[in-house]
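Chain residues, written in single-letter form:
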Amino acid sequence: MAFKIGPINLNAIAQGVGGLAFGSGDHGSEEDDSGVERLLDRISNGVLADDRRAAVAELQAVVAESGSAQLAFGAMGFPVLMSVLKEERDDVEMVRGALETLVNALTPIENTPGVYNEVQPASLNSELLSREAESISLLLSLLTEDDFYMRYYTLQLLTALITNCRTRLQEAILATPCGLTRLMDMLMDREVIRNEALLLLTFLTRDAEEIQKIVVFEGAFEKIFNIIKEEGGSEGGIVVQDCLELLNNLLRNNPTNQILLRETIGLQSVVSLIKLRKGIADGFTQQKTVNLLGALETLALLLAGSSDVEPTKDANRVANQTVFSQNKLLDHLLMLSVESRWAAIVVRCAALRCIGDLILGHAQNRDALGSKLLGDDPDVEPALNSILRIFLRTSSLQECIAAEFVFKCFCEGNPDGQMMLASTITPLPQSSLHVGKIMEDANRVSFGSILVRALISSEGQNDLEASCRAASILSHILKDNVQCKERVLRIQLEVPVSTLSTPEVLMPRIVKYLAVASPISHKQEIHDHTISNKKSMWLQPVLLRLLVTWLADCPDAVNCFLESPAHLTYMIELILSRSSAESVHVAGLAAVLLGECIVFNKATKDNRDAFMVVDAISQRIGLTAYFHIWEEMQNSPLFVSAASASRLPKPLTRSTAAEAVGVSDGQDGEQQFETDKSSTSPVDPLLTSFYDAAFVNFIRHLEPLVREKIVELFSRPKSKVTVIPASLEQKSGESDSDYIIRLKSFMEKQCHEMQELLGRNAALADDLAKTKGDSNSFIKGHNSAMQGTVNGITSRLEADNLRQELQETRNRIETLKAEKTKCEDEISTYKQLAGKYEADLKSLSDAYNSLEQTNYHLELEVKRARGGNESILPDLEAVREEGRQEAQKESEAELNDLLVCLGQEQSKVEKLSSRLTELGEDVDALLENIGDEGEVQGDDEEED
């Protein structure tokens with residue numbers, strides 16, 4: 001198909017497809033534009049084949065040298081050349097020239113005139129060509145041609161396209177049937193084409209899960225490792241680097257592909273990439289360093305697992321850790337990171353991080369590292385000791401961070417390992433405290449001895465840096481382990497020289513180092529060994545991190561910290577001395593430490609309890625200012641980024657490889673620090689490693705607990721025992737009714753003032769619990785806020801005391817009323833019982849009188865009988881005696897019963913009389929009334 005092209009206004013066409021490339025000035029491109037137009041006309045309308053081929057060759061040269069020619073070609077040349085590719089495949093030379101021209105049109109030209117810098121012609125042409133899906137399908141079909149150069153230029157053209165329009169090309173290739181299959185076939189082609197296809201696939205598989213699945217299904221793993229083996233493994237060139245980049249693209253955030261790799265090819269192929277021959281100190285070229293970094297990135301991706309699953313709960317990650325353990329990965333990583341000190345720093349750092357990922361949450365690998373010995377006899381030492389020495393003495397900040405990461409992973413979720421390390425911390429003799437012996441003979445001392453020596457050395461500023469590094473290791477040993485915290489709390493730093501010397505423990509020494517590590521003190525020290533003020537900014541946060549970890553959920557540690565009043569005073573000074581972006585973290589961590597002294601404080605002494613800490617904060621800082629500093633730290637970029645930090649390493653590509661290997665062994669700590677200082681980060685890079693997700697979450701969860709505790713302390717009196725004023729006590733001789741009337745009068749007098757105090761202090765508590773404050777209003781009203789807070793605290797305490805006194809008085813009044821009602825009921829009951837017993841007594845008295853009368857009549861009858869008949873006298877006497885005895889027995893029994901009842905009633909009456917006397921009743925008057933009622937009742941009965 002031939003295209004007839006007449007005169008074309010290039011400016012008008014270019015504006016339709018991206019006219020930003022043209023300015024309003026003179027482009028100086030009319031000659032190039034007209035030349036491209038003439039050449040395209042010869043290609044489309046030419047009759048002789050040689051003339052058309054010559055036109056293609058001329059167009060190729062013009063486009064390769066001129067940016068304006070590239071723009072002109074993009075405006076009108078694509079339809080012409082795409083027609084050549086589609087209709088004239090038999091003319092191999094013509095197709096080659098067309099493909100090479102397209103490649104030149106999509107390749108940026110160096111030193112392009114400034115008029116075209118706004119929009120690069122190559123990018124604009126890539127955008128134009130990628131919009132047509134049929135064009136991509138046509139190019140993919142050329143990969144099946146037999147001509148070598150056709151396939152080669154086609155791959156170059158697709159690579160140029162994907163460099164500028166990756167997403168669009170990925171979609172077009174996915175939409176093309178067998179498109180990825182044709183690209184994968186190119187990996188089995190000749191070496192040059194294979195390398196171009198490999199480079200294209202590295203771009204194509206980035207962040208494209210569907211493409212990754214298809215590529216793996218087409219046998220990508222097997223082909224990748226075959227190419228790596230052919231190229232010589234880690235000793236190979238840039239082709240090995242491209243293979244590893246493609247492999248990492250397929251494994252990143254893709255558990256399915258990781259499982260497929262483990263179950264098909266096996267992970268031993270990955271382990272073999274980092275194998276080093278022991279004792280080889282040369283041969284570490286820059287390319288080999290990049291290849292090792294790529295292999296270590298592969299290990300890191302397999303050990304990191306899925307980003308949305310916890311490491312310890314990721315079954316795929318645990319399976320990878322187990323397989324790597326079976327393939328002795330730990331030995332190769334230790335060789336690369338610890339034993340081979342000739343390796344590049346970035347390689348050693350990456351290997352140390354892989355060791356941390358390998359042991360994180362895997363008990364078997366942790367135990368293997370804890371028992372691993374390095375070196376040859378007799379210089380054999382535990383692997384953890386070697387890594388600790390690297391951490392303490394390296395001049396590379398990145399290696400320091402990587403070594404600490406190993407200890408962090410070893411201690412996380414490993415209480416037995418933490419206790420094992422803590423058990424080696426013992427007091428040191430005075431002779432072993434010299435700084436020159438910190439690193440000497442490390443194979444003959446324990447892990448804890450090395451750590452303690454670094455902690456308590458104090459002969460210079462460099463020793464302070466070593467102490468701070470050792471403190472960061474100690475924080476991991478103590479994290480979430482109360483037993484270790486209490487054990488280290490009791491350990492003496494030095495063996496006492498004599499019995500009279502006072503042993504020193506670790507916590508006061510840490511606070512002392514915290515004061516020495518102040519940037520102000522660094523400015524005052526001017527000698528060769530003093531590190532710069534900027535570089536030392538991380539020392540105080542590290543020490544504060546140790547104290548925060550130590551005091552968390554450990555009341556004994558809080559009590560030890562508050563034993564010295566100077567500790568609390570210095571923490572407040574750290575908060576008040578905030579003056580720069582870096583000191584925000586120092587002040588914030590000091591605020592967190594004071595918060596722990598409030599929440600985890602179980603002390604009962606007035607000089608160490610939580611109320612004392614809150615009172616000091618409110619008087620010296622102010623609660624609004626205190627929580628503002630806390631909030632300021634949580635809003636800092638470091639704090640925010642740490643909460644969402646990814647465990648995955650950054651991708652290593654061709655463009656980032658040179659930067660990654662820029663940190664070499666020849667670069668010392670100061671040079672590296674200057675490099676880090678030139679970055680956009682406003683703080684020391686080592687500080688970033690101390691804000692991890694777990695520490696950030698702990699601080700965020702602690703803040704509401706601190707607020708609640710402060711509100712609780714302000715909502716009740718300091719002492720739980722309230723003393724009632726003497727004026728409110730019941731006076732001697734004062735009756736209960738008068739006492740109640742006096743209390744009511746007092747309560748009415750104080751009620752109005754009490755309500756005002758309660759309302760005002762309730763508003764204060766609500767403001768403390770809900771309001772975090774505004775930064776501008778905080779700065780303007782700091783002094784007034786402090787005074788208002790102090791006044792509010794005083795008012796609330798007074799109101800709480802009065803409220804509790806009022807409540808106790810009300811309770812006492814209610815108790816007295818209940819007792820009085822009970823006593824009145826008992827009096828009424830006893831009156832009724834007394835009347836009943838009086839009636840029973842009178843009835844018994846009448847019965848006794850009746851018996852006496854009967855006896856009297858019997859005696860008269862006996863006398864009469866004696867006078868009439870003496871013979872029956874003995875019988876009558878006997879009858880009389882018998883009757884008398886029977887009557888006497890009956891009367892005695894009844895009298896005994898009556899006396900018992902009367903005795904019981906008499907005791908009740910006595911108790912009742914004493915109780916009535918206590919209540920102020922006149923007992924004699926009551927008894928007289930009862931006696932009068934009894935006499936009246938007796939008279940009535942006699943009349944009846």
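Just so we're clear, the structure is a prediction, and the values are computed from it rather than from any experiment. (Residues numbered from 1 in each chain as written. Predicted model: local features only at pLDDT ≥ 70, side-chain atom pairs only at ≥ 80, totals over all residues. Heavy atoms only, no water.)

A. Spotlight on the overall build of the protein chain. A count of helical and extended segments in the protein chain gives 45 helices and two strands. The 944 residues of the protein chain split such that 47% are buried. Accessible area for the protein chain stands at about 46,100 Å²; split by element, carbon and sulfur atoms hold 51% of it. (Helix = DSSP H or I, 4+ residues; strand = E, 2+ residues; numbered from the N terminus. Buried < 20%, exposed > 50% of the residue type's maximum accessible area, 1.4 Å probe, protein only. Areas by Shrake-Rupley, 256 points an atom, 1.4 Å probe, with all protein chains shown as cover.)

B. Seen up close, unusual backbone geometry. Although it is not a glycine, Asp480 sits at a positive phi angle of roughly 55°. By secondary structure assignment, the location of Asp480 is in the loop between helix H27 (461-478) and helix H28 (482-490). In this structure, Asp553 takes a positive phi of about 55° despite not being glycine.

C. Looking closely at the packing of aromatic side chains. On inspection of all chains with the given rule, the structure shows eleven aromatic pairs. When the centroid spacing of 5.2 Å and the interplanar angle of 65° are considered together, the rings of Phe73 and Phe78 count as edge-to-face. Comparing Phe73 with Phe78 shows no difference in burial state: the two are buried. For the cation-ring pair, Arg190 lies above Phe148, with the distance from its terminal atom to the ring centre recorded as 4.3 Å. In this arrangement the basic side chain of Arg707 is found over the ring face of Phe627, its NZ or CZ atom lying 3.9 Å from the centre. (Phe/Tyr/Trp six-rings, centres within 6.5 Å; stacked < 30°, edge-to-face > 60°. Lys NZ or Arg CZ within 6 Å of the ring centre and 35° of its normal.)

D. Layout of the packing of helix H21 (residues 345-359) against helix H22 (residues 363-371). At a minimum axis separation of 7 Å, H21 and H22 run at an interaxial angle of 130°. Comparing the axis directions of H21 and H22 gives the class oblique. Contacts between H21 and H22 involve Ile355, Leu358 and Ile359 on the former and, on the latter, Asn365, Arg366 and Leu369. Among the residues making up the contact of H21 with H22, the classes are represented as four nonpolar, one polar and one charged. (Axes fitted to C-alpha atoms, helices over the stretch in contact; angles between N-to-C directions. Parallel < 35°, antiparallel > 145°, perpendicular 65-115°, else oblique. Contact = heavy atoms within 4.5 Å. Nonpolar A, V, L, I, M, F, W, Y, C, P; charged D, E, K, R; others polar.)

E. Up close: a nonpolar patch on the surface. Where nonpolar side chains cluster on the molecular surface, the patch consists of Leu841, Leu899 and Leu902 and spans about 240 Å² of accessible area. Since its relative accessible area comes to 56%, Leu899 is described here as exposed. (Patch = residues over 30% accessible without salt bridge, like charges linked within 9 Å, V, L, I, M, F, W, Y side chains within 5 Å. Salt bridge = Lys/Arg side-chain N within 4 Å of Asp/Glu carboxyl O.)

F. Inspection of the side chain of Gln540 at higher detail. You can see Gln540 is positioned in helix H31 (residues 539-551). Polar contacts involving the side chain of Gln540 include one to the main-chain carbonyl oxygen of Leu514, which spans 3.0 Å. (Polar contact = N/O pair within 3.5 Å; in protein donor to acceptor, adjacent residues only side chain to side chain.)

G. Molecular detail of the side chain of Asn385. For Asn385, the position within the fold is in helix H23 (residues 383-393). A polar atom in the side chain of Asn385 sits 3.4 Å from the backbone oxygen of Val445.

H. Geometry of helix H19 (residues 315-326). Here H19 contains twelve residues, and its C-alpha end-to-end distance of 17 Å stays within 8% of the 16 Å for a straight helix at 1.5 Å per residue. Regarding H19, the residues found buried are Asn316, Arg317, Asn320, Gln321, Phe324 and Ser325. Against helix H16 (255-263), helix H17 (268-271), helix H18 (286-304), helix H20 (329-339), H21 and H22 lie the buried residues of H19. Put simply, Asp314 is the residue that caps the front of H19, since its side-chain oxygen is 3.2 Å from the backbone nitrogen of Asn316. Directly after H19, the chain includes Lys328, whose backbone phi takes a positive value near 60°. (Expected span 1.5 Å × (residues − 1).)

I. View of the pattern of salt bridges. Taken as a whole and judged by the stated rule, the model has 28 salt bridges. Two residues, Arg53 and Asp50, come together in a salt bridge whose shortest N-O distance is 2.7 Å. Taken together, the positions of Arg53 and Asp50, both in helix H3 (residues 49-65) and three residues apart, correspond to about one turn of that helix. Beyond isolated ion pairs, a larger network of salt bridges with shared partners links Asp50, Arg53, Asp91 and Glu93.

J. How the structure looks around a negative patch on the surface. On the surface, a cluster of negative charge is contributed by Glu824, Asp825, Glu921, Asp922, Asp924 and Glu928. With respect to the helices and strands, Asp825 occurs in helix H43 (residues 782-868). (Lys, Arg positive; Asp, Glu negative; His and termini not counted. Charge placed at Lys NZ, Arg CZ, Asp CG, Glu CD.)

K. Highlighting H28. Along H28, the positions that sit buried rather than exposed are Cys484, Lys485, Val488 and Leu489. Seen from one end, H28 has its buried residues packed into an arc of 135°, which puts them on one side. Turned more than 90 degrees from where H28 packs its buried face, Gln483 and Arg490 sit exposed. One side-chain oxygen of the residue at the start of H28 lies 3.3 Å from the amide nitrogen of Gln483, identifying that residue as Asn481. (Arc of directions from axis to C-beta.)

L. Here's a closer look at the packing of helix H34 (residues 583-599) against helix H40 (residues 693-714). Two elements in contact, H34 and H40, have axes whose closest approach is 9 Å; the angle formed by their N-to-C orientations is 50°. Taken as axis vectors, H34 and H40 run oblique relative to one another. By crossing handedness, the relation of H34 to H40 is classed as left-handed. Of the residues in H40, those in contact with Leu589, Val592, Gly595, Glu596, Ile598 and Val599 of H34 are Phe695, Phe698, Ile699, Leu702, Leu705, Val706, Lys709, Ile710 and Leu713. Here the residues of the contact of H34 with H40 are counted per class, giving twelve nonpolar, one polar and two charged. (Left-handed = near helix turned anticlockwise from the far one by under 90°.)

M. Representation of the environment of Ile224 within the structure. Inspection of the secondary structure puts Ile224 in helix H14 (residues 220-230). Remark: the alpha-carbon pair of Ile224 and Val240, spanning 16 residues in sequence, is separated by 8.8 Å. Residues in contact with Ile224, not counting those within four places in the same chain, are Cys243, Leu246, Leu247 and Leu250.

N. Main features of the confidence of the model for the protein chain. Looking at the protein chain as a whole, its pLDDT mean stands at 79, while 76% of the residues score no less than 70. Per-residue pLDDT, averaged within each element of the protein chain, yields its smallest value for helix H1 (residues 10-18) (39) and its largest for helix H15 (residues 238-251) (95). Confidence over residues 1-29 falls short of pLDDT 50; this stretch has 44 contacts with residues more than four positions distant or in other chains. Confidence over residues 719-723 falls short of pLDDT 50; this stretch has five contacts with residues more than four positions distant or in other chains. (pLDDT = per-residue confidence, 0-100.)

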